[in-house]
Amino acid sequence: MQRRHFFAGAATAVAAASVNRAALAALPEPVSQASADTAAPLAPPNGRPYRPVITLNGWTLPWRMHNGVKEFHLVAEPVVREVAPGFFVNMWGYNGQSPGPTIEVVHGDRVRLFVTNRLPEHTTVHWHGQRLPNGMDGVGGLTQPHIAPGKTFVYEFEARRPGTFMYHPHADEMVQMAMGMMGLWITHPRGAHPLIAEVQRDYALLLAAYDVEPGSKTPRVAEMTDFNIWTFNSRVFPAISPLVARQNDRVRIRVGNLTMTNHPIHLHGHEFEVTGTDGGPTPRAARWPEVTTDVAVGQMRQVEFIADEPGDWAFHCHKSHHTMGAMGHDLPTLIGVDHRGLVEKIQQIVPDYMRMGERGMADMGGMEMPLPDNTFPMMTGAGPFGPLEMGGMFTTLKVRRDLGANDHRDPGWYRHPAGTVAREWTGAPLDAQAPRQTAPGTAPGAAQVHKPGHAGHAAPGAPSPGAHDGH
Ligand SMILES: [Cu+2]
């Protein structure tokens with residue numbers, strides 16, 4: 001009797017979730033991605049048509065149609081992400097990569113997602129931003145039991161509104177997000193939509209941050225705020241693909257933030273409008289032009305513009321340390337400190353001592369210094385005019401006149417028309433007109449103070465005003 005009741009209850013629960021038993025008989029074959037290159041857009045082979053997105057250094061998960069339902073199979077598993085060439089990080093992700101594959105569906109699609117857990121601990125998947133039955137929301141303990149290692153769960157709901165969404169676990173979140181469990185979800189509009197423009201280029205990227213000690217391979221999961229690897233789709237410049245557009249294309253860029261801080265995302269050379277959030281398309285009256293949009297923690301922002309200015313335009317987070325790689329940041333600021341005669345003395349005590357930061361940190365961009373194994377340089381990336389001194393949340397928008405409509409390949413560096421590049425002034429020098437009065441960072445008449453107990457802060461050689469005339 002008890003047993004019969006148990007089964008009856010179980011059957012009711014399954015029916016309530018409208019998951020057809022026959023559909024569960026055979027799991028869709030999971031598809032895995034070994035490469036961290038940008039995959040070609042996945043043109044929908046069946047179902048309602050749409051223009052696919054490009055996930056920079058990512059890919060879109062194929063599906064199968066089963067009685068009119070789009071079936072996807074996500075496998076949560078440990079992966080190794082090549083964050084930069086030769087810099088490998090042990091992460092947790094989905095189907096071979098972190099971030100996991102982008103899921104693309106169309107407004108009104110019925111979607112069934114199988115989630116298999118190959119992690120060493122339980123997980124769930126929360127479909128960030130979706131309207132769905134409460135029991136499909138993926139909050140472990142609250143709306144469903146956790147998915148134990150080795151188990152497969154099935155989620156099913158209708159894509160009820162178009163927009164840019166994400167997915168991530170709602171189980172042991174601090175660890176699972178710090179290890180890279182995340183992905184993008186795009187719901188395309190069904191045909192023409194009054195608030196969603198047709199675009200020629202549609203890019204998607206997810207902001208993720210990691211704390212990987214130089215020389216190690218696994219992120220420190222106990223970190224709360226002090227991350228040192230800042231990434232677009234878990235890649236750092238110059239390992240991230242460029243955004244490519246043909247001149248006068250309308251371009252959409254979707255940016256999701258699953259880091260633990262906000263990121264002011266900034267585009268050079270063009271102004272854009274925020275046309276959507278993870279709440280859907282923004283009303284037209286709520287749009288205004290800007291060149292930087294802040295993407296707060298847990299948010300998605302969709303920006304759109306006409307790429308009408310040819311060139312290689314920077315696209316980056318405006319927090320300057322987020323465009324850098326792993327760095328020791330307990331450094332004193334030494335700008336303006338004269339090290340003459342000091343380096344040799346320090347090297348008698350610390351043989352590896354290197355003078356750094358005396359003229360700012362730009363010297364680092366062109367410097368080749370030995371790094372611990374499995375570390376990428378703090379400032380890297382070379383452009384046609386020299387080192388770019390960028391290494392994190394940075395890439396380029398490459399606008400070209402002559403590009404194929406669906407050509408997303410890197411066209412190389414921009415060839416500037418003659419006379420359109422900033423150049424050295426060759427007229428009369430400024431020094432002749434207005435000689436420098438002080439060394440940089442030295443207030444005129446400031447007292448020369450040597451603070452005791454500041455052994456690491458080499459101050460004895462601080463220059464007197466006017467004495468610092470370069471080296
Ligand atoms: Cu940032």
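The name recorded for the protein in an unreviewed UniProt entry is Copper oxidase, from Comamonas serinivorans. A UniProt comment under Subcellular location (unreviewed entry) is attached to the protein, and it reads "Periplasm".

> What should I look at first to understand the packing of aromatic side chains in this one?
By convention here, two paired aromatic rings are described through the distance between centres and the angle between planes. Tallying each qualifying case throughout the model produces ten aromatic pairs. Consider the rings of Phe157 and Trp185, whose centres lie 5.6 Å apart with planes at 25°: the pair is stacked. In this pair, Phe157 sits in strand β8 (residues 152-158) while Trp185 sits in strand β10 (residues 183-188), placing the two residues 28 residues apart along the sequence. When sorted by exposure, Phe157 lands in the same class as Trp185, which is buried. Cluster of aromatic residues (ring-pair linked, three or more members): Tyr94, Trp127, Tyr155, Phe157, Tyr167 and Trp185. Over the face of the ring belonging to Trp63 we find Lys70, whose NZ or CZ atom lies 4.5 Å from the ring centre. We note Lys398 situated over the ring of Trp413; from NZ or CZ to the ring centre the distance is 4.3 Å.

> Would you take a moment to explain unusual backbone geometry for this structure?
Most peptide bonds adopt trans geometry, and most residues besides glycine take a negative phi value. Of note, the amide linkage connecting Ser98 to Pro99 takes the cis form, showing an omega dihedral of 0°. Summarising the element assignment, Pro99 is placed in the loop between β4 (87-94) and β5 (103-106). The omega torsion of the bond from Phe237 to Pro238 falls at 5°, within 30 degrees of zero and hence cis. If you trace the backbone, Pro238 turns up in the loop between β12 (229-232) and β13 (243-246). Of note in this structure, Asp172 is not a glycine but carries a positive phi near 40°. Tracing the sequence through the fold places Asp172 in the loop between β9 (163-168) and α2 (173-178). The partly exposed category is assigned to Asp172, whose relative accessible area is 36%. Phi angles above zero are rare outside glycine, and Asn233 is one such case at about 50°. By the secondary structure assignment, Asn233 is in the loop between β12 and β13.

> I would appreciate a short explanation of the sheet that holds β5 in the present structure.
The pairing of strands in a sheet comes from backbone hydrogen bonds and takes either a parallel or an antiparallel form. Read from one edge of the open sheet, four strands run β5-β10-β9-β7, paired in mixed fashion. Of all strands in the sheet, those with a lone pairing partner are β5 and β7 (126-128), marking the two edges. Direction aside, neighbouring strands of the sheet carry axes that sit 25° apart on average.

> Any chance you could explain the pattern of salt bridges here in plain terms?
Any two side chains of opposite charge can pair, so long as their charged atoms come close to each other. Tallied over the full model, the rule gives 17 salt bridges. Notably, a salt bridge pairs Glu77 with Arg118, separated by 3.8 Å at the nearest N-O pair. Linking Glu77 in strand β3 (residues 69-84) with Arg118 in the loop between β6 (110-117) and β7, this pair joins segments that are 41 residues apart in sequence. One salt bridge connects Arg250 with Glu304, and the closest N-O pair in it is separated by 3.2 Å. Of this pair, Arg250 sits in strand β14 (residues 249-257) while Glu304 sits in strand β19 (residues 300-307); the two residues are 54 residues apart in sequence, bridging distant segments of the chain.

> What exactly am I supposed to notice about the environment of Trp59 here?
Tracing the chain through its elements places Trp59 in the loop between β1 (54-55) and β2 (64-66). Along the primary structure Trp59 and Ile103 are separated by 44 residues, whereas in three dimensions their C-alpha atoms are 9.0 Å apart. Excluding anything up to four places from it in sequence, Trp59 contacts Val31, Ser32, Gln33, Ala39, Asn95, Gln97, Pro101 and Thr102.

Criteria and cut-off values
Residues numbered from 1 in each chain as written. Predicted model: local features only at pLDDT ≥ 70, side-chain atom pairs only at ≥ 80, totals over all residues. Heavy atoms only, no water. UniProt positions renumbered as here; feature names shortened; annotations may be inferred. Phe/Tyr/Trp six-rings, centres within 6.5 Å; stacked < 30°, edge-to-face > 60°. Helix = DSSP H or I, 4+ residues; strand = E, 2+ residues; numbered from the N terminus. Buried < 20%, exposed > 50% of the residue type's maximum accessible area, 1.4 Å probe, protein only. Lys NZ or Arg CZ within 6 Å of the ring centre and 35° of its normal. Pairing = 2+ DSSP bridges. Axes fitted to C-alpha atoms, helices over the stretch in contact; angles between N-to-C directions. Salt bridge = Lys/Arg side-chain N within 4 Å of Asp/Glu carboxyl O. Contact = heavy atoms within 4.5 Å.

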